[in-house]
Amino acid sequence: MMNTIWQGRLDGEELLFHRIFQRVREESNYDSISTSDFVLHGFAVDEGVRRNKGRQGAKDAPDIIRKNMANFPVIRPNFSMLDFGNVTCDDGNLENTQNQLAKNVSKVLLKGGKSMVLGGGHEVTYAHYLGVKTAFPEQKIGIINIDAHFDNRQPENGIGASSGTGFWQIAQEGEIHSLHIGIQRNSNTLKLFDTAHQYGMKYILADELFFENLSSIYQRIDELLESVDYVYLTICMDVFNASIAPGVSASAYNGIFADATFMHFYRHVLKSEKLLALDVAEVNPSYDIHDRTARLAATLMNEWFMV
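One structure accompanies this document, and this report is about it.

Conventions used here
The written sequence of each chain sets the order in which its residues are numbered from 1. The predicted origin of the model limits local features to residues at a pLDDT of at least 70 and limits the giving and counting of side-chain atom pairs to 80 or more, whereas totals for whole chains, interfaces and linings rest on all residues. Heavy atoms throughout the structure, all of them, feed into the side-chain values; hydrogens and water do not. Grid spacing is 1 Å over the protein atoms alone, the probe is 1.4 Å, and a cavity is where that probe fits but cannot get out, while a pocket is an open set with protein on both sides within 12 Å along at least five of seven lines and lining residues have an atom within 4 Å of a point. Grid points are joined across faces, edges and corners, and a volume is the space filled by probe spheres set on the points. By definition, any uninterrupted DSSP run of H or I lasting at least four residues is a helix, any uninterrupted run of E lasting at least two residues is a strand, and each is numbered from the N terminus. Residue polarity follows a fixed list, in which Ala, Val, Leu, Ile, Met, Phe, Trp, Tyr, Cys and Pro are nonpolar, Asp, Glu, Lys and Arg are charged, and the others, Gly among them, are polar. Paired strands are those between which DSSP finds at least two bridges. Where helices are involved, their axes are fitted lines through C-alpha atoms of the stretch in contact, as for all axes, and angles between N-to-C directions lie from 0 to 180°. In what follows, a contact means two residues having at least one pair of non-hydrogen atoms within 4.5 Å. Geometric relationships in this document are graded by angle, where less than 35 degrees denotes roughly parallel, more than 145 denotes roughly antiparallel, 65 to 115 denotes roughly perpendicular, and other angles denote oblique. Handedness of a helix crossing follows the sense of rotation of the near helix relative to the far helix, less than a right angle counterclockwise being left-handed and clockwise being right-handed. Only buried Ala, Val, Leu, Ile, Met, Phe, Trp, Tyr and Cys residues count toward a nonpolar core, and they belong to the same one when joined by side-chain atoms within 4.5 Å. For every residue, the accessible area (1.4 Å probe, protein chains only) is compared with the maximum for its type, and the residue is labelled buried under 20%, exposed over 50%, or partly exposed between those bounds. Counting of polar contacts relies on pairs of N or O atoms within 3.5 Å, with two restrictions inside protein: one atom must be capable of donating a hydrogen and the other of accepting it, and residues adjacent in sequence are counted only when both atoms are side-chain atoms.

**What about the layout of surface pockets?**
Piece 1. Roughly 380 Å³ of volume is contained in the largest pocket.
Piece 2. Residue lining of the largest pocket: 22 residues in total, with S36, F38, K114, L275 and W304 positioned closest to the centre.
Piece 3. The set of elements that each furnish at least two residues to the lining of the largest pocket consists of β9 (275-281) and α9 (292-306).
Piece 4. A breakdown of the residues in the lining of the largest pocket according to their chemical character gives 11 nonpolar, seven polar and four charged.
Piece 5. If you trace the second largest pocket, you find 19 residues lining it, with N52, H149, D151, S163 and A250 closest to the centre.
Piece 6. Of the residues that constitute the lining of the second largest pocket, the class distribution is four nonpolar, nine polar and six charged.

**Description of the sheet that holds strand β6 (residues 177-183)**
Across a sheet, strands are paired by hydrogen bonds formed along the backbone, either parallel or antiparallel in direction.
Piece 1. Pairing is parallel in the open sheet, where nine strands are placed in the order β1-β3-β2-β4-β9-β8-β5-β6-β7. With partners counted over all chains shown, the strands left at the sheet margins are β1 (24-26) and β7 (202-205), one partner each. Within this sheet the neighbouring strands show an average axis-to-axis angle of 20°, counted without direction.
Piece 2. Lying over the sheet, α9 contacts β2 (38-44), β3 (81-88), β4 (114-119), β8 (230-236) and β9, oriented at roughly 170° with respect to β9.

**Topic: the packing of helix α7 (residues 214-227) against helix α8 (residues 260-270)**
Piece 1. Following both chains from N to C, one finds α7 and α8 inclined at 25°, their axes separated by 11 Å at the closest point. Our classification of the angle between α7 and α8 gives roughly parallel. Here the hand of the crossing between α7 and α8 comes out right-handed. On α8, the residues touching L214, I217, Y218, I221 and D222 of α7 are T261, H264, F265, H268 and V269.
Piece 2. Within the contact of α7 with α8, the residues separate by chemical class into six nonpolar, three polar and one charged.

**So, the nonpolar core**
Piece 1. Counting 56 residues, the largest nonpolar core has I65, M81, I144, I146, M237, F240 and Y266 as the members making the most contacts within it.
Piece 2. Element by element, the count of residues in this core is highest for α9, at eight residues.
Piece 3. Core analysis: the next-biggest nonpolar cluster, separate from the first, contains 36 residues, C89, V117, F193 and Y203 among them.

**A word on the environment of E303**
Piece 1. Tracing the chain through its elements places E303 in helix α9.
Piece 2. Measuring from C-alpha to C-alpha, the distance between E303 and T97 comes to 28 Å, with 206 residues separating the pair along the chain.
Piece 3. Residues contacting E303, with those up to four places away along its chain left out, are M263, Y266, R267 and L270.
Piece 4. Engagement of the side chain of E303 in a polar contact is seen with the side chain of R267, the distance being 2.9 Å.

In structure tokens, the structure reads:
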């Protein structure tokens, strides 16, 4: 993997010249993780998207996002990232695959690493959350979901879990502490809004994401951060406008932009010392244009390295 994916412009071997590809180490031994290492897994899976009747192709995204991460400059001198490769779902057994990622993530967190996952479909949410909860079963885990959708559908009989059921699944395991940012009224039925209210899922509509409203957005984010012990942040790329994120499973022509308003509140979350885990989901290379969506996803992951 190192020779084919983690490549970039080599300006020099001195630390001041380093780019991310020069600091990534391919690994398979979880005992090698040190405190504060960023630890990467790919979730090369879109079985949940298939079950949710979405456009398949997200399983091919992790390596493309890696390639778009590779050339970013290293900002922090002590930056270190370990890449544990991809989890796949070749037999259609999504549940087993989610459990496998969860086990891997729990090992990362118990070693003091920071978990990063490249999706794949948004079925990664349940897997990534389960990994955090497995590592810290007695702690209160908060979830910030930047997404146009609640993803709180009840699994259909005979189909099971999907990319749209993650938050419903989490809610079944006990009290859920979630804030959903970027929710679109035209992307969620009244039933999904009702489910969100029923389980106490907080949300900020896409229409509320404007600069003059930043203080209110900060306040609602801070309310969640202060009420939990640890935080997991997940980004579904279909929250963004199709002009900047065309390669997703369900494109949004009225989606949000990665503008100053977004970057302000996004970085505010990234700065929280409670943040343990971050992922991006629903990049679909089959529908992308010049890696536009993959590049945006890579940029959002890279932001965590710079705060």
